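Fold and contact review
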Amino acid sequence: MTKNVLFIQAHEADKAVFFSSIANFLQGKGIHTKHLTFRRLEKYVYEKNGVFDTVFMPRVLKEYDHILSVEDEKKYDLSKLLFYTLKLNSLNNYSFDTDNIYSNARRYLNFLKELHSSQKIDLIIMWNDTFMYDSLSKAFASNFNIPTLIFEAGIFRPNTITMDSKGVNYGNSIPEDQSYYSNVKYEKDFINSLTDIKFEDKLYSFELPKLKKFYLLERSKDKLFSKVLKQELDLEIIYENTLQKVKKRIEKRKKVNGYSLFKELPSRYLFIPFQVHDDSQVLLNSPYINSMEELVEIIDYNLEQYNAQYNDDLFVVFKEHPADKGRTNYSSLYDKYKDNKRLIFMTEGETSKLLKKSQGVITINSTVGIEALQQYKHVITLGNAYYNINGLVQICSDPSKLYEHINHIVNNDVDIHLINQFIHYLRFNYQLEGNWRKGSFDVFYLESTLTRLLNS
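Residues numbered from 1 in each chain as written. Predicted model: local features only at pLDDT ≥ 70, side-chain atom pairs only at ≥ 80, totals over all residues. Heavy atoms only, no water.

Observations regarding the pairing of strand β9 (residues 315–319)
Regular strands have side chains that alternate between both faces of the sheet. Of all five residues making up β9, five are buried, and the element is well covered by its neighbours. Burial of β9 is two-sided: the residues Phe315, Val317 and Lys319 facing one way and the residues Val316 and Phe318 facing the other way are all buried. As defined by bridge partners, strand β8 (residues 269–273) adjoins β9 across five bridges and the pair is classed as parallel. By the bridge assignment, Ile272 is partnered in β9 with Phe318. Taken together, β9, helix α13 (residues 331–336) and strand β10 (residues 343–346) form a β-α-β motif whose crossover is right-handed. (Buried < 20%, exposed > 50% of the residue type's maximum accessible area, 1.4 Å probe, protein only. Helix = DSSP H or I, 4+ residues; strand = E, 2+ residues; numbered from the N terminus. Pairing = 2+ DSSP bridges. Right-handed = clockwise from strand over helix to strand, strands pointing away.)

Dropping the structure here:
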């Protein structure tokens, strides 16, 4: 019997290219694929890449009931499943209709239920699992015992892809037990070639279409049919209006003065990277810190405690996340601490160089923690991170006692052997080799994973 694989929202054109590549490979193996499209551009990318079994959701969902059955209402905690989508929009002051989002969520679950009853779904593939339709799909899959395969940008870019049947980031399947890595073997200096392609002959290649001229045209059609003609549902998940987008682009081009790498770095400092202000890692996996302002406040208090109690002269260096440029203005934060000479703020700078000169890193759960480990630097985490492994990093579950963890890393060496074992596992046992932007991937690793899931 033919297996059926359902692809959820690709989100962006390049991710639709990657999903098209996987679909072409699967179809060559006799596996049927169906793709949900939420924008005309998404549908166009699929068709341009030879993928024609698509469902245009803005039109299809309009025909589905926005009420769930009593039984189904009990199965899904919609407030939890929609939390990140609602929080992100609220945090950015985007204008949205909460009732409409809930209605579309119920329509979507009714659609999935009918689809599964008429055409059994054997596997659900999605990109990330935090946004609205992805989180709903994951919950639906769980209720109907359908395996999932979740993709995300790779840890060692550009030639790796994260692929996990459980989830991404803190929700992934990476073992948390230190003893799991005890038998991992590695070659000397392997850590210097983590971004290299190791088995290029195993990569599935894909010819990329030219798409740029279609962006504006297809987006305009979406607005026309949903906003003006009211013939389709508006299924956007990020409700940033045109004015906000233009303002963001202008802000990105502005030159920020006063906080740059031209400042002289202190001889001894800890590096603290800011995370994107609306990152799911902060909103979903940070139980103690909800913003970068709170992060700075906690660091400020603990640095003072550490220097006073242990008679040291340590500094900290903060750096903004490049993705937040033009989206978040931290000038009032910088003004608040302008007289504190031990807190240095940077709006730009090369992370690898800042790491190299540092005594270690303090982060909520940023991937900079992994970059730090690659340089054999100490890492202290303040949130839920997938690399929260005893002995690998210092896990601070009480921010008021962070200064004690600072003292530990200043006076102890890192476990180089454990770091090597963990990083080797992460790169060569966990990541899918390939470049999703180019639609390439390790065909054998993906096939073995799909075979296991489709026959589970």
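The structure having been displayed, the exposition proceeds.
Points about the sheet that holds strand β6 (residues 160–164)
Taking strand neighbours across the sheet as the criterion, the nine strands line up as β3-β2-β1-β4-β5-β6-β14-β15-β7 in an open arrangement whose pairing is mixed. Of all strands in the sheet, those with a lone pairing partner are β3 (54–56) and β7 (203–204), marking the two edges. Note that β6 and strand β14 (residues 432–435) share two bridges and pair antiparallel. Counted as the bridge partner of Thr160 is Glu433 from β14.

Here's the deal with a nonpolar patch on the surface
Taken together, the side chains of Leu224, Val228 and Leu229 present a nonpolar region at the surface, about 260 Å² in accessible area. You can see Leu224 is positioned in helix α9 (residues 215–228). (Patch = residues over 30% accessible without salt bridge, like charges linked within 9 Å, V, L, I, M, F, W, Y side chains within 5 Å. Areas by Shrake-Rupley, 256 points an atom, 1.4 Å probe, with all protein chains shown as cover. Salt bridge = Lys/Arg side-chain N within 4 Å of Asp/Glu carboxyl O.)

Here we look at the environment of Met346
Considering the arrangement of structural elements, one finds Met346 in strand β10. Along the primary structure Met346 and Gly439 are separated by 93 residues, whereas in three dimensions their C-alpha atoms are 35 Å apart.

Considerations on the pattern of salt bridges
All chains considered together, the criterion is met by 22 salt bridges. Close ionic contact of Arg437 with Asp14 constitutes a salt bridge, the shortest N to O distance being 2.9 Å. Of this pair, Arg437 sits in the loop between β14 and β15 (440–442) while Asp14 sits in helix α1 (residues 13–28); the two residues are 423 residues apart in sequence, bridging distant segments of the chain. Residue class for Asp14 comes out partly exposed when judged on its relative accessible area of 22%. Residue Asp324 is joined to Arg327 by a salt bridge in which the shortest nitrogen-to-oxygen separation is 3.2 Å. On the basis of relative accessible area, Arg327 is assigned to the partly exposed category, the value being 26%.

Quick look at helix α10 (residues 242–253)
With twelve residues, α10 should reach 16 Å at 1.5 Å per residue; the first-to-last C-alpha distance of 17 Å fits that figure. For α10, the N-terminal cap is Asn241; the gap from its side-chain oxygen to the backbone nitrogen of Leu243 is 3.1 Å. (Expected span 1.5 Å × (residues − 1). Polar contact = N/O pair within 3.5 Å; in protein donor to acceptor, adjacent residues only side chain to side chain.)

With respect to the side chain of Asn388
Tracing the chain through its elements places Asn388 in the loop between β12 (378–381) and β13 (394–395). Overall, the relative accessible area of 14% leaves Asn388 in the buried class. Only 2.7 Å separates the side chain of Asn388 from the side chain of Thr381, close enough to count as a polar contact. With near-sequence residues (within four places) excluded, Asn388 lies in contact with Glu176, Thr381, Gly383, Val393 and Ile395. (Contact = heavy atoms within 4.5 Å.)

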